[in-house]
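Descriptive analysis of the structure
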Amino acid sequence: MNRANYIIIEESRLVPKDILEPIIKPFLFVRNPPYRNLPEYKSDPLLKEEGTISYITSAWYTAEYWYEYVKSCIRRMVSGDDTANFLAFDYLITIFHNIKTEEMIKNEMADADPITVQMEYYNIPSGASGKSYFKPTLFNRNLKRAFYPQRDVTYSNKKNPYEIKKTDGEIRFVTVDLATRANKANDNSIIGCVRAIPILGKGYERHLPYMESHKGRDVGIQAKRIKEVFFDFEADYMVLDIQNAGIN
């Protein structure tokens, strides 16, 4: 059976996690040269060679799994784990080693969108897609308390321990953008909870205290979850985006 004691994964951000974890990583094993079977070397811990994986990639979106690998590696390295190492280079290294000229870099950047420049040239992960309408920094994040639906381990049929008391005149919405195709990339069902709190003479102040996402799956399972969130949130209205969901 094929095995490796050093695995190099080029453009690792493009390798699906369900290929990396169960298929590629199990190929790794400890290097055991023939001399290690000799009695005088067999039990020497200094001769043990760890299997090694090197991930090589440009920066990518922080929502993807690769970013968790990066943070985990840095935490291990900072904590003193000698088996973890992290290196990051930007476009300046190519100029320093005369791989590219400044003019070449400028021309390449001129034809790329700002997010691509950020990730490919400055080596800075992005929290937003280049096609997104809004940047996260445009939203005022000052929520003092989040709402959570009931959890199995703390379930109570009398009171949700994570509830937020309604204010006078408050209206609550549960919004659902429904996805039904489990294997379609970047297609998730999103359930959001919205509080509309009346402000005298000014309309409503809007709070988004909770949101969850699911890969598209059986609509019966999703309907049950939506119902759970609706009643736990004590919602008044449900807003469903079910275009293309069909009769279900």
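See the structure above.
So, here is what we can say about the structure in this document. (Residues numbered from 1 in each chain as written. Predicted model: local features only at pLDDT ≥ 70, side-chain atom pairs only at ≥ 80, totals over all residues. Heavy atoms only, no water.)

1. Description of the overall build of the chain
What the chain contains, in helices and strands, is seven helices and six strands. Reading the chain from its N terminus to its C terminus gives the helix and strand order β-α-α-β-α-α-α-α-β-β-β-α-β. Taking 248 residues into account, the globule formula puts the C-alpha radius of gyration at 18 Å, and the chain, at 26 Å, lies well above it. Along the first, second and third principal axes, the C-alpha set of the chain runs to 80 × 55 × 40 Å. Out of the 248 residues belonging to the chain, those deemed buried represent 24%. A sequence separation of at least 24 residues applies to 54% of the contacts in the chain between residues at least 6 apart. Counting every atom, the chain has about 18,400 Å² of accessible surface; 55% of that belongs to carbon and sulfur. Within the chain, the 33 negative side-chain charges are centred at a point lying 6 Å from the centre of the 34 positive side-chain charges. (Helix = DSSP H or I, 4+ residues; strand = E, 2+ residues; numbered from the N terminus. Rg over C-alpha atoms; globule rule 2.2 N^0.38 Å. Buried < 20%, exposed > 50% of the residue type's maximum accessible area, 1.4 Å probe, protein only. Contact = heavy atoms within 4.5 Å. Areas by Shrake-Rupley, 256 points an atom, 1.4 Å probe, with all protein chains shown as cover. Lys, Arg positive; Asp, Glu negative; His and termini not counted. Charge placed at Lys NZ, Arg CZ, Asp CG, Glu CD.)

2. Concerning the pairing of strand 5 (residues 203-215)
Looking at chain direction, strand 4 (residues 188-199) and strand 5 are connected through 11 bridges and run antiparallel. Its bridge partner lying in strand 5, I199 is registered against G203. Linking two consecutive strands that pair antiparallel, namely strand 4 and strand 5, is a turn of three residues; a positive phi of about 75° is found at G201 within it. (Pairing = 2+ DSSP bridges.)

3. Points about a nonpolar patch on the surface
Together, I74, M77, V78 and F86 line one region of the surface with nonpolar side chains, adding up to about 330 Å² of accessible area. Positionally, I74 belongs in helix 3 (residues 65-78). (Patch = residues over 30% accessible without salt bridge, like charges linked within 9 Å, V, L, I, M, F, W, Y side chains within 5 Å. Salt bridge = Lys/Arg side-chain N within 4 Å of Asp/Glu carboxyl O.)

4. Some words on the packing of aromatic side chains
The full count for this structure, using the stated rule, is 12 aromatic pairs. Measuring from centroid to centroid gives 5.7 Å for Y91 and Y122, while their planes differ by 75°, and the two rings are edge-to-face. Taken together, the positions of Y91 in the loop between helix 3 and helix 4 (92-96) and Y122 in the loop between helix 6 (114-120) and strand 3 (171-177) put the pair 31 residues apart, joining distant regions of the chain. On the basis of an interplanar angle of 85° and a centroid distance of 5.4 Å, the ring pair of F230 and F231 is categorised as edge-to-face. One Lys or Arg, R3, reaches over the ring of F27 and ends 5.7 Å from the middle of that ring. Sitting over the face of the ring of W60, R13 holds its NZ or CZ atom 3.9 Å from the ring centroid. (Phe/Tyr/Trp six-rings, centres within 6.5 Å; stacked < 30°, edge-to-face > 60°. Lys NZ or Arg CZ within 6 Å of the ring centre and 35° of its normal.)

5. Side note on the side chain of R13
Relative to the elements of secondary structure, R13 occurs in the loop between strand 1 (6-10) and helix 1 (17-24). Here S58 takes part through its side chain, which lies 3.2 Å from a polar atom of the side chain of R13. Residues contacting R13, with those up to four places away along its chain left out, are T57, S58, A59, W60, W66 and E120. (Polar contact = N/O pair within 3.5 Å; in protein donor to acceptor, adjacent residues only side chain to side chain.)

6. Brief notes about the sheet that holds strand 3
Taken in spatial order, the four strands of this open sheet run 5-4-3-6, and their pairing is mixed. Strands at the two margins of the open sheet, each flanked by one partner only, are strand 5 and strand 6 (237-241). Taking each pair of neighbouring strands and ignoring which way they run, the sheet shows an average axis angle of 15°. (Axes fitted to C-alpha atoms, helices over the stretch in contact; angles between N-to-C directions.)

7. A few points about the nonpolar core
Formed by 13 residues in total, the largest nonpolar core has its most connected members in F147, V174, V176, I191, C193 and F233. Among the elements that line this core, the one with the most residues is helix 7 (residues 219-232), at three residues. Contact partners of V176, with chain neighbours within four places excluded, come to I190, I191, I226, V239, L240 and D241. Grouped together as the second largest cluster of nonpolar side chains are six residues, I7, I9, V15 and Y65 included. (Core = buried A, V, L, I, M, F, W, Y, C linked by side-chain atoms within 4.5 Å.)

8. Here we look at the pattern of salt bridges
Following the criterion strictly, the structure yields 16 salt bridges and no others. Where E50 meets K48, a salt bridge forms, and the shortest distance between an N and an O atom there is 3.9 Å. E108 serves as the salt-bridge partner of K100, at 2.9 Å between the closest nitrogen and oxygen. When its relative accessible area of 26% is taken as the criterion, K100 is described as partly exposed. Three or more residues are tied together by salt bridges with common partners; here these are E212, K224, R225 and E228.

Remember, this is a structural readout, not a statement about activity or role.
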